[in-house]
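These are the residues of each chain, in order.
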Amino acid sequence: MFFSKLDSLSNAIKLISDNQRVTDIEEISIHDAHRRVLAEDIIAFHDSPPFDKSAMDGFALIAEETFGASNSAPKEFRIVDAIGAGDFSSKTVKDNEAIVIATGAPIPDGANAVLMKEYTTIDGDDLTIYSQVTPGENISPKSEDIEKGQKILDRNTFIRYQELGLIASAGYDTVKVYKKPKVKLIITGNELVEPTKEEIDKAKIINSNQFTIKAMVEDSGAICEICHAGDTFDEVKDAVLEASKDYDVIMTTGGTAISKGDVVLDVVDDLGEILFHGVAIRPGKPAGAGIVNGKMVFTFSGQPVAAMSQFDMFARKYLFEMQGREFDFHIVKRISQLKIPSQLGRTDFIRAVSDDECAKHVLNRGSGIIRSMVEANSYIIIDENDEGYQKDDLVDVVLFDSLLW
Ligand SMILES: Nc1nc2c(c(=O)[nH]1)N[C@H]1C(S)=C(S)[C@@H](COP(=O)(O)OP(=O)(O)OC[C@H]3O[C@@H](n4cnc5c(N)ncnc54)[C@H](O)[C@@H]3O)O[C@H]1N2
Ligand code: MOO
């Protein structure tokens, strides 16, 4: 595998989407449904509010009886009952009568408005009012928020806190959502060591990909378990085969290039089918993907920045769409503060610091410079048909924040 022919980024993405799978559906408590994706339409079981309710603390009365009331022309009413939230009154309000009512309590029969307490004085059961109200004033009508039987949310809606409130008010204590995909992250490389404050042995490298890629998986709504395989064909093969039985998606890092020991794609080829290996992108050219046991396998580079960029280019969309959630890069236009050279026929994802107007790419662009990803808040994307940009050209930018689950 010598990368003599590279797939275009768009073709590689298409090969993945042609093999898109969706997770099963599970029914979970609404307590656990925050940031999940609905796998059913939500049809309201109840009206909300379920009755005409008072929006203020005050007095339920007949609006027409208050007409003309003012500070200089107060009017007198008689208090005949009092209700708090959770109570209701069995009395019917008649002319010149009022019922003390709390915010949230049901409007009693006969009344058609609530006068706020601030515009009244009380002496025993005698109420003096100093303001008029119009019919319907300070009443939240039944079903103004949700109507029983109405479809209030569509399948595939992402459940934020706002949707949770609506779903609960509609009467759902459980909800059907897409299962979180289970991802096995297989880290290859005998040179890798765990983070340590001690001196690191010669030729060893701290395994940072296990942290970045796992976190990116979790940032895409999925669950990630890590395993460490060695570098040999058999070790990687065992790990991939095992993972393909119990996990929905497999990701590997390392061993994607062409030197001895870069066995990952050989394993995919042996166990299943390679969809692509080698893409006209920078960083991350040796990116690959394949199918083993019906499961998507993403093979990322060992180089930390290449692996993160490859995840963004290929895996994020796959994980989102597995859970019924659409994903596309949200491109915004920015003015490039620097000249950016690129090569025709290759798509570049260039780390950049962008604000509301401008983008400035990070100068140290090596695929091992994790700090460049930390400094950056965005990618400038240079299409394969562009040869780069001059200073002050408008460029396509994707903000990292727009990629998150
Ligand atoms: N002759 C060629 N050589 C290379 C090519 C090429 O086209 N022709 N492509 C280069 C590109 S681009 C990349 S990217 C890398 C990809 O290499 P591998 O995927 O085979 O990765 P490794 O060789 O295993 O490791 C590369 C580098 O990354 C470090 N590494 C590996 N795993 C981790 C980890 N879990 N955490 C942190 N760092 C890790 C590893 O120690 C190496 O330093 O190939 C180029 N070569
Ligand atoms: O992606 Mo490689 O890291 O382009 O050098």
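Residues numbered from 1 in each chain as written. Chains lettered and ligands numbered in written order. Predicted model: local features only at pLDDT ≥ 70, side-chain atom pairs only at ≥ 80, totals over all residues. Heavy atoms only, no water.

Q: For the domain arrangement of the protein chain, give the residues involved together with the corresponding values.
A: How big an interface is tends to be stated in terms of accessible area lost as the parts join. Here the domain parsing of the protein chain yields domain 1 (9-24 + 180-322), domain 2 (25-48 + 146-178), domain 3 (53-140) and domain 4 (332-403). Computed from C-alpha atoms alone, the centre-to-centre distance between domain 3 and domain 4 is 63 Å. (Domains from an automatic or database assignment.)

Q: I'd love a proper account of the site of ligand 2, names of residues and values included.
A: Lining the immediate environment of ligand 2, one finds P283, G284, K285, Q303, A306 and S367. G284 is positioned such that a nitrogen or oxygen atom in its backbone is 2.4 Å from an oxygen atom of ligand 2. Here an oxygen atom of ligand 2 and a side-chain polar atom of S367 are 2.3 Å apart. Structurally, ligand 2 is housed in the largest pocket. Partitioning the shell around ligand 2 into residue classes produces 2 nonpolar, 3 polar and 1 charged. (Near = heavy atom within 4 Å. Polar contact = N/O pair within 3.5 Å; in protein donor to acceptor, adjacent residues only side chain to side chain. 1 Å grid on protein atoms, 1.4 Å probe; cavity = no way out; pocket = protein on both sides within 12 Å on 5 of 7 lines; lining within 4 Å. Sits in = over half its atoms within 2 Å of the grid points. Nonpolar A, V, L, I, M, F, W, Y, C, P; charged D, E, K, R; others polar.)

Q: Break down the confidence of the model for the protein chain for me, with residues and values.
A: Overall, the prediction assigns the protein chain a mean pLDDT of 96, with 99% of residues at 70 or greater. For this predicted complex, the interface confidence comes out at an ipTM of 0.98, alongside a pTM of 0.93. (pLDDT = per-residue confidence, 0-100.)

Q: Account for the layout of surface pockets, with residues named and values stated.
A: Here the largest pocket defines a volume of roughly 700 Å³. Taken together, 42 residues line the largest pocket, and the ones lying closest to its centre are S301, G302, Q303, P304 and A306. Those elements that place two or more of their residues in the lining of the largest pocket are strand 15 (205-206), strand 19 (281-282), helix 7 (304-322) and strand 24 (347-354). For the lining of the largest pocket, the leading source of residues is strand 24, giving 3 residues. Grouping the amino acids of the lining of the largest pocket by side-chain chemistry returns 15 nonpolar, 18 polar and 9 charged. Formed jointly, the lining of the largest pocket draws a minimum of three residues from each of two domains, domain 1 (9-24 + 180-322) and domain 4 (332-403). Estimates place the volume of the second largest pocket at around 270 Å³. Around the second largest pocket, the lining comprises 15 residues; the ones closest to its centre are L9, S10, I13, F329 and T347. (Points joined across faces, edges and corners; volume = space filled by probe spheres on them. Helix = DSSP H or I, 4+ residues; strand = E, 2+ residues; numbered from the N terminus.)

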